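What follows is each chain in one-letter form.
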Amino acid sequence: MPIKKIRSYLIAKAYDFAMQATERRCLSAWRQELFAFARGDLLEIGAGTGVNLHHYPEQAKRIVLCEPDGQMRKVLAGNSARYQRDVEIRKDRAEKIDLPDASFDTVVSTLVLCSVHCQQTALKEIYRLLRPDGRLIFLEHIISAHPKTRAWQQRIEPLWSFCAGDCRLTRDTPKAIQGAGFHIDHLTDAPMAGAPAFVKRTVRGIARKNNP
(Lines give C-alpha, C1' and ligand atoms only; values in the text may rest on other atoms or scores of the structure.)
Protein backbone atom coordinates (compact mmCIF):
# COMPACT_ATOMS: atom_id res chain seq x y z
CA MET A 1 0.00 0.00 0.00
CA PRO A 2 1.44 3.44 -0.95
CA ILE A 3 2.68 5.58 1.93
CA LYS A 4 0.01 8.26 1.36
CA LYS A 5 -2.76 5.68 1.63
CA ILE A 6 -1.29 4.31 4.85
CA ARG A 7 -1.02 7.84 6.23
CA SER A 8 -4.61 8.56 5.21
CA TYR A 9 -5.85 5.37 6.89
CA LEU A 10 -4.00 6.08 10.14
CA ILE A 11 -5.14 9.71 10.34
CA ALA A 12 -8.78 8.76 9.72
CA LYS A 13 -8.65 6.10 12.43
CA ALA A 14 -6.84 8.24 15.00
CA TYR A 15 -8.22 11.74 14.39
CA ASP A 16 -11.18 11.80 16.79
CA PHE A 17 -9.21 10.12 19.57
CA ALA A 18 -6.26 12.51 19.13
CA MET A 19 -8.53 15.56 19.27
CA GLN A 20 -10.93 14.54 22.03
CA ALA A 21 -9.16 16.35 24.90
CA THR A 22 -8.92 19.59 22.92
CA GLU A 23 -12.56 19.23 21.88
CA ARG A 24 -13.57 19.07 25.54
CA ARG A 25 -11.35 21.95 26.58
CA CYS A 26 -12.24 24.49 23.88
CA LEU A 27 -13.08 23.36 20.35
CA SER A 28 -16.57 22.03 21.04
CA ALA A 29 -17.62 25.28 22.73
CA TRP A 30 -16.11 27.32 19.91
CA ARG A 31 -18.00 25.29 17.30
CA GLN A 32 -21.26 25.78 19.20
CA GLU A 33 -20.63 29.54 19.40
CA LEU A 34 -19.80 29.90 15.72
CA PHE A 35 -22.51 27.72 14.24
CA ALA A 36 -25.24 29.78 15.86
CA PHE A 37 -24.62 32.03 12.83
CA ALA A 38 -25.17 29.24 10.27
CA ARG A 39 -28.34 29.47 8.19
CA GLY A 40 -30.00 28.30 4.99
CA ASP A 41 -28.15 26.02 2.59
CA LEU A 42 -24.84 25.02 4.19
CA LEU A 43 -21.64 23.60 2.70
CA GLU A 44 -18.79 22.28 4.82
CA ILE A 45 -15.39 21.83 3.19
CA GLY A 46 -13.02 19.17 4.50
CA ALA A 47 -15.72 17.70 6.72
CA GLY A 48 -13.37 15.00 8.04
CA THR A 49 -15.09 12.59 10.43
CA GLY A 50 -18.19 14.78 10.82
CA VAL A 51 -17.38 16.31 14.21
CA ASN A 52 -19.34 19.46 13.30
CA LEU A 53 -22.60 17.68 12.57
CA HIS A 54 -24.21 17.74 16.01
CA HIS A 55 -23.41 21.45 16.35
CA TYR A 56 -25.41 22.59 13.32
CA PRO A 57 -28.60 24.51 14.23
CA GLU A 58 -32.07 23.95 12.81
CA GLN A 59 -31.81 27.07 10.66
CA ALA A 60 -29.26 25.22 8.52
CA LYS A 61 -31.81 23.69 6.15
CA ARG A 62 -29.64 21.76 3.67
CA ILE A 63 -26.25 20.33 4.64
CA VAL A 64 -23.63 19.33 2.07
CA LEU A 65 -20.34 17.83 3.30
CA CYS A 66 -17.25 17.74 1.06
CA GLU A 67 -14.43 15.39 2.05
CA PRO A 68 -11.84 14.45 -0.59
CA ASP A 69 -9.98 11.85 1.46
CA GLY A 70 -11.44 8.39 0.90
CA GLN A 71 -10.58 7.02 4.35
CA MET A 72 -12.01 10.06 6.12
CA ARG A 73 -15.09 9.83 3.93
CA LYS A 74 -15.75 6.27 5.13
CA VAL A 75 -15.74 7.43 8.76
CA LEU A 76 -17.86 10.44 7.82
CA ALA A 77 -20.43 8.23 6.10
CA GLY A 78 -20.75 6.07 9.20
CA ASN A 79 -21.15 9.05 11.51
CA SER A 80 -23.60 10.75 9.15
CA ALA A 81 -25.77 7.62 9.08
CA ARG A 82 -26.33 8.06 12.84
CA TYR A 83 -27.14 11.75 12.45
CA GLN A 84 -30.80 12.74 12.75
CA ARG A 85 -30.88 14.91 9.62
CA ASP A 86 -30.31 14.23 5.93
CA VAL A 87 -26.90 15.22 4.61
CA GLU A 88 -25.22 14.96 1.22
CA ILE A 89 -21.60 13.74 1.13
CA ARG A 90 -19.36 14.69 -1.79
CA LYS A 91 -15.70 13.98 -2.56
CA ASP A 92 -14.86 17.41 -4.03
CA ARG A 93 -11.65 19.16 -3.02
CA ALA A 94 -12.06 22.67 -1.64
CA GLU A 95 -10.25 24.13 -4.65
CA LYS A 96 -12.81 22.76 -7.13
CA ILE A 97 -16.38 21.98 -6.09
CA ASP A 98 -18.65 20.91 -8.91
CA LEU A 99 -21.71 22.95 -7.94
CA PRO A 100 -23.28 26.10 -9.43
CA ASP A 101 -22.39 29.66 -8.45
CA ALA A 102 -24.26 31.15 -5.48
CA SER A 103 -25.49 27.77 -4.20
CA PHE A 104 -25.08 28.37 -0.45
CA ASP A 105 -25.90 30.80 2.32
CA THR A 106 -23.18 29.45 4.63
CA VAL A 107 -19.82 27.75 4.10
CA VAL A 108 -18.01 26.19 7.08
CA SER A 109 -14.27 25.55 7.37
CA THR A 110 -12.86 24.20 10.63
CA LEU A 111 -9.17 23.26 10.78
CA VAL A 112 -9.15 22.82 7.00
CA LEU A 113 -7.66 25.92 5.36
CA CYS A 114 -4.30 24.94 6.87
CA SER A 115 -4.21 21.81 4.71
CA VAL A 116 -5.78 22.68 1.35
CA HIS A 117 -3.28 22.56 -1.50
CA CYS A 118 -3.88 26.18 -2.53
CA GLN A 119 -5.53 28.34 0.10
CA GLN A 120 -6.30 31.25 -2.22
CA THR A 121 -7.91 29.00 -4.84
CA ALA A 122 -10.05 27.34 -2.16
CA LEU A 123 -11.18 30.71 -0.81
CA LYS A 124 -12.08 31.96 -4.27
CA GLU A 125 -14.13 28.80 -4.80
CA ILE A 126 -15.93 29.40 -1.50
CA TYR A 127 -16.58 32.99 -2.56
CA ARG A 128 -18.06 31.76 -5.87
CA LEU A 129 -20.37 29.30 -4.14
CA LEU A 130 -21.76 31.78 -1.62
CA ARG A 131 -24.80 33.90 -2.31
CA PRO A 132 -24.54 37.69 -1.85
CA ASP A 133 -24.07 38.44 1.85
CA GLY A 134 -23.37 34.73 2.41
CA ARG A 135 -21.17 33.79 5.35
CA LEU A 136 -17.91 31.90 5.67
CA ILE A 137 -17.68 30.51 9.21
CA PHE A 138 -14.09 29.57 10.02
CA LEU A 139 -11.99 28.12 12.83
CA GLU A 140 -8.32 27.70 11.92
CA HIS A 141 -4.87 27.52 13.47
CA ILE A 142 -2.42 30.00 11.97
CA ILE A 143 1.14 31.27 12.07
CA SER A 144 2.32 32.35 15.51
CA ALA A 145 2.62 36.01 16.47
CA HIS A 146 5.89 35.24 18.30
CA PRO A 147 9.14 35.31 16.24
CA LYS A 148 10.78 32.35 18.02
CA THR A 149 7.70 30.15 17.58
CA ARG A 150 7.39 31.23 13.92
CA ALA A 151 10.99 30.16 13.36
CA TRP A 152 10.22 26.72 14.82
CA GLN A 153 7.07 26.47 12.70
CA GLN A 154 9.11 27.11 9.58
CA ARG A 155 11.71 24.51 10.55
CA ILE A 156 9.32 21.67 11.34
CA GLU A 157 6.59 22.42 8.79
CA PRO A 158 7.77 19.91 6.12
CA LEU A 159 7.82 16.98 8.56
CA TRP A 160 4.63 18.10 10.30
CA SER A 161 2.85 18.47 6.97
CA PHE A 162 3.75 14.93 5.95
CA CYS A 163 2.64 13.43 9.27
CA ALA A 164 -0.51 15.56 9.67
CA GLY A 165 -2.25 15.28 6.31
CA ASP A 166 -0.58 18.24 4.51
CA CYS A 167 -1.29 20.66 7.38
CA ARG A 168 0.75 23.88 7.13
CA LEU A 169 1.84 25.78 10.22
CA THR A 170 2.74 29.14 8.70
CA ARG A 171 -0.41 30.34 6.95
CA ASP A 172 -1.94 33.74 7.71
CA THR A 173 -5.53 32.74 7.09
CA PRO A 174 -7.33 36.00 8.02
CA LYS A 175 -5.14 37.87 5.53
CA ALA A 176 -5.93 35.26 2.86
CA ILE A 177 -9.67 35.49 3.57
CA GLN A 178 -9.60 39.25 3.09
CA GLY A 179 -7.46 38.82 -0.03
CA ALA A 180 -10.18 36.63 -1.56
CA GLY A 181 -12.69 39.49 -1.31
CA PHE A 182 -14.40 38.74 1.99
CA HIS A 183 -15.17 41.25 4.72
CA ILE A 184 -14.42 39.82 8.18
CA ASP A 185 -17.29 40.83 10.46
CA HIS A 186 -16.01 39.08 13.56
CA LEU A 187 -12.59 37.68 14.48
CA THR A 188 -11.32 36.11 17.71
CA ASP A 189 -7.64 35.27 18.15
CA ALA A 190 -7.17 32.75 20.96
CA PRO A 191 -4.86 29.91 22.05
CA MET A 192 -6.03 26.33 21.60
CA ALA A 193 -6.09 24.81 25.08
CA GLY A 194 -3.61 21.98 25.56
CA ALA A 195 -2.06 22.27 22.09
CA PRO A 196 1.70 22.49 21.44
CA ALA A 197 3.02 26.02 20.87
CA PHE A 198 3.47 25.47 17.13
CA VAL A 199 -0.29 24.86 16.60
CA LYS A 200 -1.62 26.80 19.57
CA ARG A 201 -2.68 30.08 17.95
CA THR A 202 -6.16 29.95 16.43
CA VAL A 203 -8.56 32.36 14.82
CA ARG A 204 -12.30 31.94 14.54
CA GLY A 205 -14.92 34.17 13.08
CA ILE A 206 -17.41 35.14 10.42
CA ALA A 207 -16.52 36.53 7.00
CA ARG A 208 -19.14 37.90 4.62
CA LYS A 209 -19.28 37.89 0.85
CA ASN A 210 -19.73 41.49 -0.23
CA ASN A 211 -22.65 42.42 -2.45
CA PRO A 212 -21.61 42.90 -6.09
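These numbers were taken from a predicted model, which means no experiment stands behind them.

## What about the pattern of salt bridges?
Inference 1: On inspection of all chains with the given rule, the structure shows 15 salt bridges.
Inference 2: The partner of R93 in a salt bridge is E95, and the shortest N-O contact between them spans 3.9 Å.
Inference 3: In this structure E95 comes out as buried when scored by relative accessible area, which is 15%.
Inference 4: Each of the salt bridges in this network shares a partner with another, and the network as a whole consists of R39, D41, D105 and R131.

## Some details on the packing of aromatic side chains
Inference 1: For the structure on display, the rule yields three aromatic pairs.
Inference 2: Judged by centre distance (5.0 Å) and plane angle (45 degrees), the ring pair of F35 and Y56 falls under tilted. Separated by 21 residues along the polypeptide, F35 in helix α1 (residues 3–35) and Y56 in the loop between β1 (40–44) and β2 (60–66) bring together distant segments of the chain. Neither F35 nor Y56 differs from the other in exposure class; each is buried.
Inference 3: Ring geometry for W160 versus F198: centroids 5.0 Å apart, planes at 75 degrees, classification edge-to-face. Of this pair, W160 sits in helix α4 (residues 147–163) while F198 sits in the loop between β6 (182–191) and β7 (201–209), and the two are 38 residues apart along the sequence.
Inference 4: For R7, the ring lying beneath its charged end belongs to F162, and the centroid distance is 5.6 Å.
Inference 5: A cation sits over an aromatic face here: R155 above W152, 5.0 Å from the ring centre.

## Considerations on the nonpolar core
Inference 1: Ranked by internal contacts, the top residues of the largest apolar core, which has 27 residues, are L43, I45, L123, I126, L136, I177 and F182.
Inference 2: Taken together, the elements giving at least two residues each to this core come down to β2, β4 (104–110), α3 (119–129), β5 (130–141), α5 (173–179), β6 and β7.
Inference 3: Tallying contributions element by element places α3 first for this core, with four residues.
Inference 4: In terms of nonpolar packing, the next biggest core, distinct from the first, is built from 26 residues, L34, A47, Y83 and L169 among them.

## Observations concerning the environment of Q120
Inference 1: Mapped onto the secondary structure, Q120 falls in helix α3.
Inference 2: For Q120, a relative accessible area of 26% translates into the label partly exposed.
Inference 3: Other than its neighbours up to four places away in sequence, Q120 contacts A176, G179 and A180.

## Thoughts on the packing of α1 against helix α2 (residues 70–81)
When two helices pack together, their arrangement is captured by the angle between the axes and the distance separating the axes.
Inference 1: One way to put it is that α1 packs onto α2 with a least axis distance of 7 Å and a crossing angle of 35 degrees. Here S8, Y9, I11, A12, Y15 and D16 of α1 lie close against α2, whose contacting residues are Q71, M72, V75 and N79.
Inference 2: Among the residues making up the contact of α1 with α2, the classes are represented as six nonpolar, three polar and one charged.

## A look at α3
Inference 1: The complete set of buried residues in α3 reads Q119, A122, L123, E125, I126 and L129. All buried residues of α3 fall inside an arc of 155 degrees around its axis, so they share one side.
Inference 2: Looking at the buried side of α3, the elements it contacts are β1, β4, β5, α5 and β6.

Rules used in this analysis
Residues numbered from 1 in each chain as written. Predicted model: local features only at pLDDT ≥ 70, side-chain atom pairs only at ≥ 80, totals over all residues. Heavy atoms only, no water. Salt bridge = Lys/Arg side-chain N within 4 Å of Asp/Glu carboxyl O. Buried < 20%, exposed > 50% of the residue type's maximum accessible area, 1.4 Å probe, protein only. Phe/Tyr/Trp six-rings, centres within 6.5 Å; stacked < 30°, edge-to-face > 60°. Helix = DSSP H or I, 4+ residues; strand = E, 2+ residues; numbered from the N terminus. Lys NZ or Arg CZ within 6 Å of the ring centre and 35° of its normal. Core = buried A, V, L, I, M, F, W, Y, C linked by side-chain atoms within 4.5 Å. Contact = heavy atoms within 4.5 Å. Axes fitted to C-alpha atoms, helices over the stretch in contact; angles between N-to-C directions. Nonpolar A, V, L, I, M, F, W, Y, C, P; charged D, E, K, R; others polar. Arc of directions from axis to C-beta.

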